[in-house]
Each structure stands twice: as structure tokens, then as C-alpha cells.
Amino acid sequence: MDEPLTVALPKGRLLAPAAELFRRMGWRCDLNGGSRQLLLTEPGTPDRPPMRFLLAKPADVPVYVEYGAADLGIVGQDVLWESGRDVYEPLHLNFGHCRLVMAGAPALRGRDLGLAVGLRVATKYPRLAQTYFQGRGLSVEVIPLSGSIELAPLVGLADLLVDLVDTGRTLRDNGLAEITQIAASRATVIVNRVAYRLRLARIRHLLAELEGANGQLYGQPEPQAMPA
């Protein structure tokens, strides 16, 4: 029997829909039922090799995949882009939709930020934020934070924020407004480059199964590009 493929799944909001993909394909993938188990190997059959599931924090999924501890994984594109990890991204999935936006006080809407001096931007995505502002010729100070980004403009820590939103309600509840969308994000499948070459047939077969399950459960996603 071949060695199992190892799939890294993210804790949090993407876990349930990601696990449901594998259940649709016939795996139990029992990692989101309140258990503390982080590694689960499911036996195969005579015509189906075993599968191993690894549960990790979202930011760690690209790390496990790039270094080969996992052959492939499912993660939000926002996390992947921020990580800058060298992996394949062969399949987009049609769940986990959200937007990376720049936001601030409503008075900043329509303002020419190129004329502003000493702008500070709070974010959980310093790499993406810096790339965005540099690409537009704007000089800003990026302040990395790990949570409650909306608080930064309210207490004067930053003029703007860059954060992930779904409906934008948290921004509105805190008197902030979306100024521009930087990128749209969704769940995506990533693959280790070496594993893709060495286990090409099995990984392609699994990707085809994932694509089919994704279409059945969530519909086919529209094409989408990485933010400039």
C-alpha cells in the first residue's frame, strides 16, 4: 500500500467547509467535532490509498506544505499571499469568500492620500499592505497588529487600517468606512512543489476529486487573480 497523502486543514472558519469536501469524497475527516486530535490517518482500500489529515493554524498551513510536512493543504488566499510561501496554487474553492480592504474615518473617503504626510496603517497583513501602498507610490508606516484592528484609528495609533472583512459590519459599528478594496479572497488548495512532481498521478486525481466535490457543494468559482 502506498504511503498516505498528507493534507493540512486550517483551524477556524474554513475547517468545516473544507472537511465537508473530503466527506463528500468518502473520507470521515473527523477533525471538527470538538476533538483535540491534530493528526488523523484514515485507512485506504485495495483501490484507494490511505489519507492523513493534519490540523493547523491557518498561518501555519502554507509552512507545512512548503516544507513538505504536508503534501497539500487548504487555506485562505489572504493567508497564502501574506505568507509569501513557495507552493503551487492549482485549485480555487468556492467558499471562504471575504475582502481585504483599506478603511478609516469616513472623512478620508475621496481624499488624495498621495498628498498626506506620515500616514500610519495598522494591519494583520503587513506584507500585503506594504506591497499595496508601494505599488501606488505611497509612503506609509505599517504597524503590525494581531487583532482588533478597528481600534487603531479610534485611539490614534493609525490613520488607516488594512483588514479582512465579510459584510463590513464591524467597520460600520466602530464608525469606520471602507475606502477601497485591495483584493478578494477565497479558500484555495496549495500543493508542495516536490510532492507534485513525485506523486503527480495521485495528487492530480485528488485535485480532480476536490474540484468535483467543490462544484457539487459550493458551485464553481469565478477566475481570480492575486492582488497587484
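Residues numbered from 1 in each chain as written. Predicted model: local features only at pLDDT ≥ 70, side-chain atom pairs only at ≥ 80, totals over all residues. Heavy atoms only, no water.

**Topic: the sheet that holds strand S8 (residues 140-144)**
Spelled out, the test is: At least two bridges found by DSSP between two strands is the condition for calling them paired. Labels follow the DSSP assignment, with helices taken as runs of H or I lasting at least four residues and strands as runs of E lasting at least two, numbered in each case from the N terminus. Angles here are taken between N-to-C directions and fall from 0 to 180 degrees, while the axes themselves are lines fitted to C-alpha atoms, restricted in helices to the stretch in contact.
The strand order S8-S7-S9-S6-S10 describes an open sheet built from five strands, whose pairing is mixed. The sheet terminates laterally at S8 and strand S10 (177-185), the two strands that pair on one side only. Ignoring which end each strand starts from, the neighbouring axes of this sheet average 25° apart. Bridge analysis of strand S6 (residues 98-104) against S10 gives seven bridges, and the strand direction is antiparallel. The residue bridging methionine 102 from the neighbouring strand is threonine 180, located in S10.

**Some words on the nonpolar core**
Using the following cut-off: Only buried residues count toward a nonpolar core. Its members are Ala, Val, Leu, Ile, Met, Phe, Trp, Tyr and Cys residues joined through side-chain atoms within 4.5 Å. Any residue under 20% of the maximum accessible area for its type is buried, any over 50% is exposed, and the rest in between are partly exposed; the area is computed with a 1.4 Å probe on protein chains only. Only heavy atoms enter the contact rule, under which two residues are in contact if any of them lie within 4.5 Å.
Counting 31 residues, the largest nonpolar core has Leu9, Phe22, Phe53, Ile74, Val189, Leu206 and Leu210 as the members making the most contacts within it. Dropping the residues within four chain positions of it, phenylalanine 22 is found in contact with Val7, Leu9, Trp27, Cys29, Met51, Phe53, Ile74, Leu206 and Leu210. Grouped together as the second largest cluster of nonpolar side chains are 20 residues, Leu128, Ala129, Tyr132 and Val142 included.

**Focus on the pattern of salt bridges**
Once their charged atoms are close, side chains differing in charge can pair, the charge on each being opposite to the other. We count it as follows: Each salt bridge in this description consists of a side-chain nitrogen of Lys or Arg and a carboxyl oxygen of Asp or Glu lying within 4 Å of one another.
Summed over the entire model, instances satisfying the criterion amount to nine salt bridges. Ionic pairing is found between arginine 199 and aspartate 71, a salt bridge with its closest N-O pair at 3.3 Å. Pair noted here: arginine 199 is in the loop between helix H7 (193-198) and helix H8 (200-218) and aspartate 71 is in the loop between helix H2 (61-66) and strand S4 (72-76), with a separation of 128 residues, a long-range link. Judged by relative accessible area, arginine 199 falls into the partly exposed class, the value being 22%. A relative accessible area of 10% places aspartate 71 in the buried class. Between lysine 124 and aspartate 163 there is a salt bridge; the shortest N-O distance is 4.0 Å. With a gap of 39 residues between them, lysine 124 in the loop between strand S7 (119-123) and helix H4 (126-135) and aspartate 163 in strand S9 (residues 160-165) connect regions that are remote in the sequence. Look at lysine 124 and you get partly exposed, because its relative accessible area is 37%.

**Digging into the packing of aromatic side chains**
We count it as follows: Aromatic pairing here means that ring centres of Phe, Tyr or Trp (its six-membered ring) are within 6.5 Å. Orientation follows from the plane angle: under 30 degrees is stacked, over 60 is edge-to-face, and everything else is tilted. In our convention, an over-ring charge means Lys NZ or Arg CZ found within 6 Å of a ring centre and within 35 degrees of that ring's normal.
One pass over the full model with this rule turns up four aromatic pairs. Just above the ring of tyrosine 88 sits the side chain of arginine 193; from NZ or CZ to the centre is 4.3 Å.

**Concerning H8**
Turn by turn, an α-helix covers 3.6 residues, leaving residues three or four places apart pointing in a common direction. Threshold: In this scheme, a helix's expected span is set at 1.5 Å multiplied by one less than its residue total. The arc in question is formed by the directions pointing from the helix axis toward the C-beta atoms.
Taking 1.5 Å of rise per residue, 19 residues should cover 27 Å, and H8 covers 26 Å from first to last C-alpha, within 8% of that figure. All of the buried residues in H8 are Arg202, Ile203, Leu206, Leu207, Leu210, Ala213 and Asn214. Buried residues of H8, viewed axially, fall in a sector of 130°; they line one side. Exposed side of H8, more than 90 degrees from the buried face: Ala201, His205 and Gln216 are the residues found there. Count one or two residues on from H8 and you reach glycine 219, which has phi positive near 85°.

**Concerning the sheet that holds strand S2 (residues 39-42)**
Two orientations exist for strands paired in a sheet by backbone hydrogen bonds: parallel and antiparallel. If you walk across this open sheet you meet the six strands as S2-S3-S1-S4-S11-S5, and the pairing is mixed. Strand pairing shows two members of the sheet lacking a second neighbour, S2 and strand S5 (88-92), which therefore form its edges. Strand-to-strand, the axes of this sheet are offset by a mean angle of 25°, without reference to chain direction. Both S5 and strand S11 (residues 187-191) contribute to a ladder of three bridges, which runs antiparallel. Across the sheet, the residue bridging to tyrosine 88 is valine 191, located in S11. With respect to the sheet, helix H1 (residues 15-24) is in contact with strand S1 (5-10), strand S3 (51-56) and S4, its orientation differing from that of S1 by roughly 150°.

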